[in-house]
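Single-letter residue listing:
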Amino acid sequence: MSHPDRSSAFPLAMAAEGEAVCVVAILGGSAMALRVAEIGLNVGSELVVRQRQGGGLVVGRGETRFALGAGMAHKILVARAGT
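Residues numbered from 1 in each chain as written. Predicted model: local features only at pLDDT ≥ 70, side-chain atom pairs only at ≥ 80, totals over all residues. Heavy atoms only, no water.

Right, let's talk about the sheet that holds strand β3 (residues 46–53) for a bit. If you walk across this open sheet you meet the six strands as β1-β6-β2-β3-β4-β5, and the pairing is antiparallel. With partners counted over all chains shown, the strands left at the sheet margins are β1 (10–11) and β5 (64–68), one partner each. (Pairing = 2+ DSSP bridges. Helix = DSSP H or I, 4+ residues; strand = E, 2+ residues; numbered from the N terminus.)

Bringing the pattern of salt bridges into the picture now. Summed over the entire model, instances satisfying the criterion amount to one salt bridge. In this structure, Arg 80 and Glu 19 form a salt bridge, with 2.7 Å as the shortest nitrogen-oxygen distance. Within this pair, whereas Arg 80 is found in strand β6 (residues 76–80), its partner Glu 19 is found in the loop between β1 and β2 (20–26), the two being separated by 61 residues in sequence. (Salt bridge = Lys/Arg side-chain N within 4 Å of Asp/Glu carboxyl O.)

Turning to the pairing of β3, a few remarks are in order. Note that β2 and β3 share three bridges and pair antiparallel. Across the sheet, residue Val 21 finds its bridge partner in β3, namely Leu 47. Relative to strand β4 (residues 56–61), β3 runs antiparallel, the two being bridged by five bridges. Bridge pairing links Gln 51 to Val 58 in β4. The turn linking β3 back onto β4 is made up of two residues, and Gly 54 within it adopts a positive phi angle of 60°.

Okay, the environment of Gly 82 next. Here Gly 82 is to be found in the segment after β6. A relative accessible area of 82% places Gly 82 in the exposed class. Residues Gly 82 and Ser 7, spaced 75 residues apart in sequence, show a C-alpha to C-alpha distance of 14 Å. (Buried < 20%, exposed > 50% of the residue type's maximum accessible area, 1.4 Å probe, protein only.)

Take it as geometry only, folks, not as evidence of what the structure does.
Put into C-alpha coordinates, the structure is as follows:
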(Lines give C-alpha, C1' and ligand atoms only; values in the text may rest on other atoms or scores of the structure.)
Protein backbone atom coordinates (compact mmCIF):
# COMPACT_ATOMS: atom_id res chain seq x y z
CA MET A 1 0.00 0.00 0.00
CA SER A 2 1.49 3.36 -0.98
CA HIS A 3 0.87 6.54 0.93
CA PRO A 4 0.19 9.88 -0.76
CA ASP A 5 2.99 12.44 -0.81
CA ARG A 6 2.91 16.02 0.48
CA SER A 7 2.40 17.54 -2.99
CA SER A 8 -1.30 16.61 -2.85
CA ALA A 9 -1.68 17.47 0.85
CA PHE A 10 -4.14 19.90 2.41
CA PRO A 11 -5.20 20.68 6.00
CA LEU A 12 -7.61 18.18 7.56
CA ALA A 13 -9.87 21.15 8.37
CA MET A 14 -10.59 21.47 4.61
CA ALA A 15 -11.73 17.86 4.14
CA ALA A 16 -15.39 17.35 3.31
CA GLU A 17 -17.76 15.43 5.55
CA GLY A 18 -17.68 11.75 4.57
CA GLU A 19 -14.29 12.08 2.85
CA ALA A 20 -11.62 9.40 3.43
CA VAL A 21 -8.13 10.84 3.90
CA CYS A 22 -4.64 9.70 4.85
CA VAL A 23 -2.40 11.69 7.22
CA VAL A 24 0.80 12.76 5.42
CA ALA A 25 2.33 15.24 7.91
CA ILE A 26 1.86 16.82 11.32
CA LEU A 27 2.78 20.51 11.59
CA GLY A 28 3.26 22.54 14.76
CA GLY A 29 6.35 21.09 16.39
CA SER A 30 7.14 18.21 18.68
CA ALA A 31 4.44 18.98 21.28
CA MET A 32 1.75 18.88 18.59
CA ALA A 33 3.17 15.68 17.09
CA LEU A 34 3.25 14.06 20.54
CA ARG A 35 -0.34 15.08 21.34
CA VAL A 36 -1.64 13.73 18.02
CA ALA A 37 0.34 10.50 18.44
CA GLU A 38 -1.05 10.04 21.97
CA ILE A 39 -4.60 9.99 20.62
CA GLY A 40 -3.61 7.45 17.97
CA LEU A 41 -3.22 9.61 14.87
CA ASN A 42 0.10 9.45 13.06
CA VAL A 43 1.52 9.73 9.55
CA GLY A 44 -0.06 6.99 7.47
CA SER A 45 -3.31 6.85 9.49
CA GLU A 46 -6.44 6.61 7.37
CA LEU A 47 -9.35 8.71 8.61
CA VAL A 48 -12.91 9.46 7.60
CA VAL A 49 -14.43 12.85 8.38
CA ARG A 50 -17.64 11.91 10.19
CA GLN A 51 -18.98 15.33 11.15
CA ARG A 52 -18.09 19.01 10.84
CA GLN A 53 -18.97 21.21 13.80
CA GLY A 54 -18.13 24.85 13.25
CA GLY A 55 -14.36 24.87 12.78
CA GLY A 56 -13.91 21.49 14.48
CA LEU A 57 -14.27 17.99 13.15
CA VAL A 58 -15.21 14.53 14.30
CA VAL A 59 -13.02 12.00 12.49
CA GLY A 60 -13.07 8.24 12.61
CA ARG A 61 -10.23 5.76 12.48
CA GLY A 62 -11.70 2.29 12.37
CA GLU A 63 -14.33 2.12 15.11
CA THR A 64 -12.77 4.99 17.09
CA ARG A 65 -13.91 8.59 16.75
CA PHE A 66 -11.97 11.70 17.69
CA ALA A 67 -13.16 15.28 18.11
CA LEU A 68 -10.54 17.76 16.90
CA GLY A 69 -10.61 21.52 17.29
CA ALA A 70 -10.07 23.84 14.34
CA GLY A 71 -6.49 24.70 15.35
CA MET A 72 -5.42 21.07 15.51
CA ALA A 73 -7.29 20.19 12.30
CA HIS A 74 -5.37 22.93 10.44
CA LYS A 75 -2.02 21.47 11.54
CA ILE A 76 -2.70 17.94 10.29
CA LEU A 77 -1.93 17.62 6.58
CA VAL A 78 -3.84 14.94 4.70
CA ALA A 79 -4.36 13.69 1.16
CA ARG A 80 -7.37 11.92 -0.28
CA ALA A 81 -7.16 8.19 0.39
CA GLY A 82 -6.33 6.14 -2.65
CA THR A 83 -4.34 8.88 -4.45
